[in-house]
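Residue strings, one per chain:
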Amino acid sequence: MVFESGCRDKAPTPAVLKNISWNSRKKARRDQNEILSLQKMVEERIDSEKILQKVLLHPRGVMLWSQRSIRLFHQRCKTDVVYIDATGSIIQKGKGKSAPFYVYELVVRHPNKGASPVPVATFVTCDHTTSSVTYFLESFQTDYFRLFGKASQRRPVMIMCDGSLVLLQAVAYSFCKISLGQLLQMYYEVVTGKLRDEEYKIPILHRCLSHVMKNAKVFCKKHCPQNYRMAMHVFGLLTSAATLVEMEDTLISMTVVFSSPQSGNNVEKHFRNLQNKMLNIGISGDETVITDDDVELDMGPTPFQRHFEHVIAEAPVHDEGEPNEYYSATFMPSLVKYFLPHAPLWSALMLGDLGRHGRGPVYKNLSKKFERCSQLDTQNYTNDNKTQGIMEKSQYDLKRVRFNRRRLTRLDDFVHIYQISHNALLKEFSDSNRKKKTHRVDVERWKQRRRSKKGIYVSPLLKPFPFKKAKKSMVLTPIAEPLTTTPEKCLEGEHLDVGPLQKQHYLQMPKDKNLGPCWHGKNPTEILLPCRLSRTQQAPKGSAITSILHPEHWLSSDEIDFASHLLAKEYKEIDGFQSSLLFSALERGGIVDVCIYDSLSTMLDNNTEQALSWMLRPMEDQFVVMFPTVQQQTNSSNCGVLAIGFAYALCSNIRPENCQFREGRMRAELIKSFRTGKVEFKIEEKLCETKIKQTTVSVHCVCRTAHNKEVMVQSSLCHGWFHPTCLNIPSDAIFGEDDWHCQNCDKS
């Protein structure tokens, strides 16, 4: 029917148009019986034009492709990604207890950006098993060999599918010719640098990111509901990990943050490490829409699962201190069970240039192959293949364009409509290549969709997460009026006279109030400095030493201790290597000057002030801390390397503020130092002017330490401040009305 533009007076109702469409499909049927109609459709076409290839009686199903689509697959699969996915809701479920019909499609990408993907083979069935899908893929490859011969066999360079175990196993058997377990074993050899087969031609099997992130969404809501957003962002870090070392570093920090029952400096350190990674993640946003429900895959033990279990078991979990707000007892164990066994199928481990994973002729050949492919304009093998939305665009075209949202009841109706659209798509593909332009109709219909938010969990974090600390329960404690004068005022040099008690008021204090540093019953003046080098130090070995080369790797305490051990062994006349805080101290007229060399230019907090005073024990009431301007690190993980470099400069009688290191080479130089047993870095002279900042730190009590939020009591005679735990001050003097004076006042 044709009507004049703008005139709808004589237009039939939607019900009438639907009836006309149904009568048209009914006339196109070859027979009233569905199976006989399909059989006649198979016999009508000659082999060169035949699209309906096989008809299955039980379970019911059809397989559709043509010689032209096989040639297109042969042309595109060598240097491009092949996609396979399944969808429903096109053919209605039959009567009785039959399973619903699913449409499996093997799709290649159109080389022109924005054009519709082209399905090269389609399988409609109600049998959703690995054997059924494998039979479909093997039948397609059989016709491929008949047309081109086995000598010209071309496996796809990369195959992308959804997360169902049926598709993963079927693709592994059909295109890789090995089981899924054997494929993961081979991928493990690739990423660990142990691949020896120079004729490596196994395709890369990868899961669609949208399906992975939907699994992660359900997983994080179940196991980490209080910190759901952060857990999703951290999972996005795992999907972007391009090397095994990078994934190990992320997993160690995740284990410390989510598996530590108590919080502490170690938890906060690894939290900052994760946050820095989230701020600098380099994956573009995902523009796909999730349509199918997937389940968590329990694939049993694999090389990756065993490897990551060992890595997670060695993570320094924190079990002392305040409760950890990020703690989840089931998060990491479930991650190891359901996701990490097949990590290369959803992360970036097997994407891009595989030559980065190792050395030798095998990895050189992989890099050369990648470079050749990256120069082709018609491929997307070297691009970010996780976020292109090709599979979702193909499913959208199938449901909304080719079948126009129809719900069919017979397979022969599906085949009739499919044949028309299949020929049209192939003609569009050949025309667009010849005319070098895209057809705007499908592009505009695709763009009219209401897009969901781009992949916020795999994109750089816009606003950092604040580190959560447990809220302390507060109690009301009566204190005397004179104690309202805080120790901070005394630190500033104000000596206030304590007047007589006038009234009591209440001050909020935590239940676990700190009455002073814990000296374990010893005399604070006789406590020795902490010694970290008392045990025998061992050099890092195996993967531990090679992981140091990764720019995002944080040096562990054992690695820093071993470097300190080598320096202390070579420079026996220099003391101070037992301290984890790098500083130099000089006494000048009774006043101690301390220089701190910090590659991050962080502020001096109360904890550091108290640690410094504890190690120095100055006799005077204060000491000076200076911060010379030293070389600043370019990332958040080089602080340990530069600290070792500054210590080497001091041992070599060179001021760290006057030297410049080659930061990019320091990790390799550190590994060489570990192997030779002698720390050595190349130092260049610093040309710019050195600036020095300084601050004064006051010390108190007989322990000669700085104040760090703990309770202190002021002597009524000398006005000095003292810890209750250091001098056994009675509780009446702390919270009561009694005056108190120190032991020095008693002597005088």
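Residues numbered from 1 in each chain as written. Predicted model: local features only at pLDDT ≥ 70, side-chain atom pairs only at ≥ 80, totals over all residues. Heavy atoms only, no water.

1. Details of the sheet that holds strand β3 (residues 81–87)
Item 1. Here we have seven strands laid out as an open sheet, ordered β1-β2-β5-β4-β3-β6-β7, and mixed in their pairing. Of all strands in the sheet, those bounded by a partner on one side alone are β1 (52–56) and β7 (204–207). Adjacent strand axes in the sheet meet at a mean angle of 15°, parallel and antiparallel pairs treated alike.
Item 2. Pairing of strand β4 (residues 102–108) with strand β5 (residues 118–125) involves seven bridges; the strand directions are antiparallel. Bridging across to β5, Glu105 finds its partner in Thr122. (Pairing = 2+ DSSP bridges. Helix = DSSP H or I, 4+ residues; strand = E, 2+ residues; numbered from the N terminus. Axes fitted to C-alpha atoms, helices over the stretch in contact; angles between N-to-C directions.)

2. Notes on the packing of aromatic side chains
Item 1. Per the counting criterion, the structure on display carries 25 aromatic pairs.
Item 2. Pairing Phe219 with Phe339 gives two aromatic rings, centres 5.2 Å apart and planes at 70°, and the pair type is edge-to-face. Of this pair, Phe219 sits in helix α7 (residues 209–223) while Phe339 sits in the loop between α12 (331–338) and α13 (361–374); the two residues are 120 residues apart in sequence, bridging distant segments of the chain. Accessibility classification places Phe219 together with Phe339 in one group, the buried group.
Item 3. On the basis of an interplanar angle of 70° and a centroid distance of 5.8 Å, the ring pair of Phe722 and Trp740 is categorised as edge-to-face. Taken together, the residues Phe722 in strand β17 (residues 721–722) and Trp740 in the loop between α24 (731–735) and α25 (743–747) connect sequence positions 18 residues apart.
Item 4. What makes Trp740 buried here is its relative accessible area of 13%.
Item 5. Taken together through their ring pairs, the aromatic side chains of Trp65, Phe73, Tyr104, Phe123, Phe136, Phe140, Tyr144, Phe145 and Phe148 make up a single cluster.
Item 6. Positioned over the ring face of Tyr228 is Lys221, at 5.5 Å from the centre of the ring. (Phe/Tyr/Trp six-rings, centres within 6.5 Å; stacked < 30°, edge-to-face > 60°. Buried < 20%, exposed > 50% of the residue type's maximum accessible area, 1.4 Å probe, protein only. Lys NZ or Arg CZ within 6 Å of the ring centre and 35° of its normal.)

3. Considerations on unusual backbone geometry
Item 1. At the junction of His58 and Pro59, the peptide bond is cis and its omega measures out at -5° in the coordinates.
Item 2. With respect to the helices, strands and loops of the structure, Pro59 is situated in the loop between β1 and β2 (61–64).
Item 3. Even without being glycine, Lys177 reaches a positive phi, approximately 65°.
Item 4. Looking at the secondary structure, you find Lys177 in the loop between α5 (165–176) and α6 (180–191).
Item 5. A positive phi is found at Arg704, a non-glycine position, where the angle reads about 55°.
Item 6. Among the structural elements, Arg704 can be located in the loop between β15 (692–698) and β16 (713–714).

4. Comments concerning the pattern of salt bridges
Item 1. Tallied over the full model, the rule gives 13 salt bridges.
Item 2. Between Arg76 and Asp80 there is a salt bridge, and its shortest N-O distance comes to 2.2 Å.
Item 3. Judged by relative accessible area, Arg76 falls into the buried class, the value being 6%.
Item 4. Under the relative-accessibility criterion, Asp80 is labelled buried at 0%.
Item 5. For Arg662, the salt bridge goes to Glu669, with nearest N and O atoms at 3.2 Å.
Item 6. By relative accessible area, which is 33% here, Arg662 ends up partly exposed.
Item 7. The exposure class assigned to Glu669 is buried, which follows from its relative accessible area of 11%. (Salt bridge = Lys/Arg side-chain N within 4 Å of Asp/Glu carboxyl O.)

Don't take any of this as a statement about function, it's just geometry.
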